[in-house]
Amino acid sequence: MKKNILLLCGGGGSEHEVSLVSSKYIEKNLNDIGLYNVIKVEIGKDNIFRKLSSDNVQGEVVEMNFKRQLVGSETEDIHIVVPCIHGPPGETGEIQTFFELIDLPYIGCGPEASINCFNKVTSKLWFNALEIPNTPFEFLASMEDKKRAHDLFDRFGKVFVKAASQGSSIGCYQIFKKDELDDALLKAFKYSSYVLVEKMVDARELEISTYEFEGSIYATIPGEINCPSKFYSYEEKYDPNSKTSTEIVAPNLPKEAVEKMRSHAIKAFTHLKLRHLSRIDFFYTVEGEIFLNEINTFPGMTPISMFPKMMENNGHSFNKFFKEIIAKNIL
Ligand SMILES: Nc1ncnc2c1ncn2[C@@H]1O[C@H](COP(=O)(O)OP(=O)(O)OP(=O)(O)O)[C@@H](O)[C@H]1O
Ligand SMILES: [Mg+2]
């Protein structure tokens, strides 16, 4: 009997639809391995689990029990989970906490690494502790702290305001005028209980695929996001008319800058205890500074996503990588 892989997708976040697209790529790779039975389940925005066909048509409602079984019209044992979810409850570590509780193996980062990376404030505190350069920032626990945001604006003249626990650029505001700052802070607090305010930099946006394969950790050379508006907003990310383009290999980067970024990526992967795969995003400023922006613990796997392409460009087949991590972790 083939073992069962539960491919989970969807979730309660703004990247629900993107995760459904990513799941198709993962499903194809799992089917190409040929050794396993893939059961695809969508977590609805209502947190109800529903089976999905390979064309992403919704089927029956199912429930996961504490005996590692998926229960619907039949009861199926689950041997491993692939939480192909961007944002909650995947990148926030919640679903992994449940898998830990029931001793069910899964692919990707554990709950602690996930939550540390998802929270934009926590992750910057970690980067500072690890001496990984990142943009100067302040964080606010309430509007009572707003003076710190005002002072940061006075220092740099333009800032980014970000809700701490959000993805897809939701709750993220580009602020050029001080009188727009308080309004942005108030809006960001609607999304998260902490708000990050950071220096706005004039920079190229670079991404590195970081992953474990055959006993080593690899950090690829950076790819690039070319976003003409300099704000890779929700619309720029997902609108079919987006003007943003990507390159698997960022052109004309000094070798030392590339090597520095790769070593920061490996350091972050190791010390934040990331597992299997992550995409680590950087800014490379016009002055030649390097700043780690953020870590995505389950990067996009859509046809335009960079993660698998950068891995392939690094000489590693995504399929072989996936085959290895499943084989090593499945019950
Ligand atoms: N300090 C900054 N200076 C200049 N541009 C920034 C800065 N911070 C963010 N940006 C722009 O805003 C975009 C979104 O910010 P960020 O990547 O931090 O959050 P996010 O996209 O919501 O997170 P995720 O990528 O996990 O969905 C970046 O891709 C970049 O274009
Ligand atoms: Mg981002």
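Owing to the predicted nature of the structure, the values given are computational and were not obtained by experimental measurement.

A. Spotlight on the packing of helix α1 (residues 16–33) against helix α10 (residues 318–329). At a closest axis distance of 10 Å, the pairing of α1 and α10 adopts a crossing angle of 75°. Classified by the angle between their axes, α1 and α10 sit roughly perpendicular to one another. Across the interface between the two elements, Y25, I26, N29, L30, D32 and I33 from α1 touch F318, N319, F322, K323 and I326 from α10. Grouping the amino acids of the contact of α1 with α10 by side-chain chemistry returns seven nonpolar, two polar and two charged.

B. Structural view of helix α2 (residues 94–101). Taken together, the buried positions of α2 are occupied by I95, Q96 and F99. Summarising the axial view, the buried residues of α2 lie within an arc of 100°, below the 170-degree limit, and thus occupy one face. Elements that come into contact with the buried residues of α2 comprise β1 (3–10), β2 (36–43), β3 (49–52), β7 (80–84) and α3 (111–118).

C. Region of interest: the environment of T92. Mapping T92 onto the fold places it in the loop between β7 and α2. Judged by relative accessible area, T92 falls into the buried class, the value being 13%. Put simply, T92 and P251 are 159 residues apart on the chain and 33 Å apart in space, counted from C-alpha to C-alpha. Ignoring any residue separated from it by four or fewer positions in sequence, one finds T92 in contact with G87, S114, I115 and F118. Side-chain polar atoms of T92 contact the side chain of E94, separated by 2.6 Å.

D. Local environment of the domain arrangement of the protein. In terms of domains, the protein is made up of domain 1 (3–106), domain 2 (116–133 + 202–329) and domain 3 (137–199). The straight-line distance from the C-alpha centre of domain 1 to that of domain 2 is 24 Å. At the junction of the two partners, domain 1 supplies 26 residues and domain 2 supplies 21 residues. Counting the surface lost from both domain 1 and domain 2, the interface buries some 2000 Å², and carbon and sulfur atoms represent 67% of this. Remark: the boundary between domain 1 and domain 2 carries zero salt bridges. Counting across the interface, domain 1 meets domain 2 through six residue pairs in polar contact (both at pLDDT 80 or more). Ranked by residues supplied to the side of domain 1 that touches domain 2, first place goes to α1 with nine residues. Taken together, the residues that form the side of domain 1 that touches domain 2 break down as 17 nonpolar, six polar and three charged.

E. Quick peek at the sheet that holds strand β8 (residues 137–140). Pairing is antiparallel across the open sheet formed by four strands, whose spatial order is β8-β11-β9-β10. Both outer strands of the open sheet, β8 and β10 (172–175), are each paired with one neighbouring strand and no more. Sheet twist, expressed as the average angle between the axes of neighbouring strands with direction ignored, equals 20°. Running at roughly 25° to strand β9 (residues 159–163), helix α6 (residues 181–191) makes contact with β8, β9, β10 and β11 (195–199) of the sheet.

F. Inspection of the packing of aromatic side chains at higher detail. Counted under the stated rule, the structure contains eleven aromatic pairs. Their ring planes at 40° and their centres at 5.8 Å tell us that F99 and Y106 sit as a pair that is tilted. Owing to a relative accessible area of 1%, F99 belongs among the buried residues under this scheme. The exposure class of Y106 is buried, given its relative accessible area of 5%.

G. Layout of the site of ligand 1. Taken together, 20 residues form the shell around ligand 1, and within it S168, S169, E205, K237 and E294 come nearest. Contacts to ligand 1 include V201, whose backbone N or O atom sits 2.9 Å from a nitrogen atom. Across the complex, the protein chains shield 94% of the 610 Å² of accessible surface that ligand 1 would expose by itself. Secondary structure elements with two or more residues in the shell around ligand 1: β9, β11 and β17 (290–296). Tallying contributions element by element places β17 first for the shell around ligand 1, with three residues. Residues that form the shell around ligand 1 fall into these classes: seven nonpolar, five polar and eight charged. Mapped onto the domain boundaries, the shell around ligand 1 takes at least three residues apiece from domain 2 (116–133 + 202–329) and domain 3 (137–199).

Cut-offs applied
- Along each chain, the written sequence defines residue order, and numbers are assigned to residues from 1.
- Both sets of labels track the order of writing: A upward for chains, 1 upward for ligands.
- Under the rules for a predicted model, residues below a pLDDT of 70 receive no local features and side-chain atom pairs below 80 are neither given nor counted, while totals for whole chains, interfaces and linings still include all residues.
- The basis for every side-chain value is the complete set of non-hydrogen atoms in the structure, without hydrogens or water.
- Each axis is a line fitted through C-alpha atoms, taken for helices only over the stretch in contact, and angles between the N-to-C directions span 0 to 180 degrees.
- Helix and strand assignments follow DSSP, with helices taken as H or I runs no shorter than four residues and strands as E runs no shorter than two, numbered in order from the N terminus.
- Orientation labels follow simple angle bins: below 35 degrees gives roughly parallel, above 145 gives roughly antiparallel, 65 to 115 gives roughly perpendicular, and whatever is left gives oblique.
- The criterion used for residue contact is that any of the two residues' heavy atoms lie within 4.5 Å.
- The nonpolar class holds Ala, Val, Leu, Ile, Met, Phe, Trp, Tyr, Cys and Pro. Asp, Glu, Lys and Arg form the charged class, and all remaining residues, Gly among them, are polar.
- Type-normalised accessible area, obtained with a 1.4 Å probe on protein chains alone, sets the label of each residue: buried when under 20%, exposed when over 50%, and partly exposed for intermediate values.
- Note that the arc is defined by the directions from the helix axis to the C-beta atoms.
- Distance and chemistry together define a polar contact, namely a pair of N or O atoms within 3.5 Å, with one atom able to donate a hydrogen and the other to accept it when in protein, and with adjacent residues in sequence counting only for side-chain atoms on both sides.
- Note: domain ranges come from an automatic or database domain assignment.
- A simple way to read buried area is as the amount of 1.4 Å-probe accessible surface that goes missing from two parts once joined, with both sides added.
- Any Lys or Arg side-chain nitrogen located within 4 Å of an Asp or Glu carboxyl oxygen qualifies as a salt bridge.
- Strand pairing is assigned whenever DSSP identifies at least 2 bridges connecting the two strands.
- Classification of ring pairs uses Phe, Tyr and Trp, with its six-membered ring standing for Trp, and accepts pairs whose centres are within 6.5 Å; under 30 degrees between planes counts as stacked, over 60 as edge-to-face, and the remaining range as tilted.
- Here, proximity means that at least one heavy atom of the residue falls within 4 Å of the molecule or strand.
- With residues, only the protein chains shown are counted as cover, and all accessible areas are computed by Shrake-Rupley using a 1.4 Å probe.

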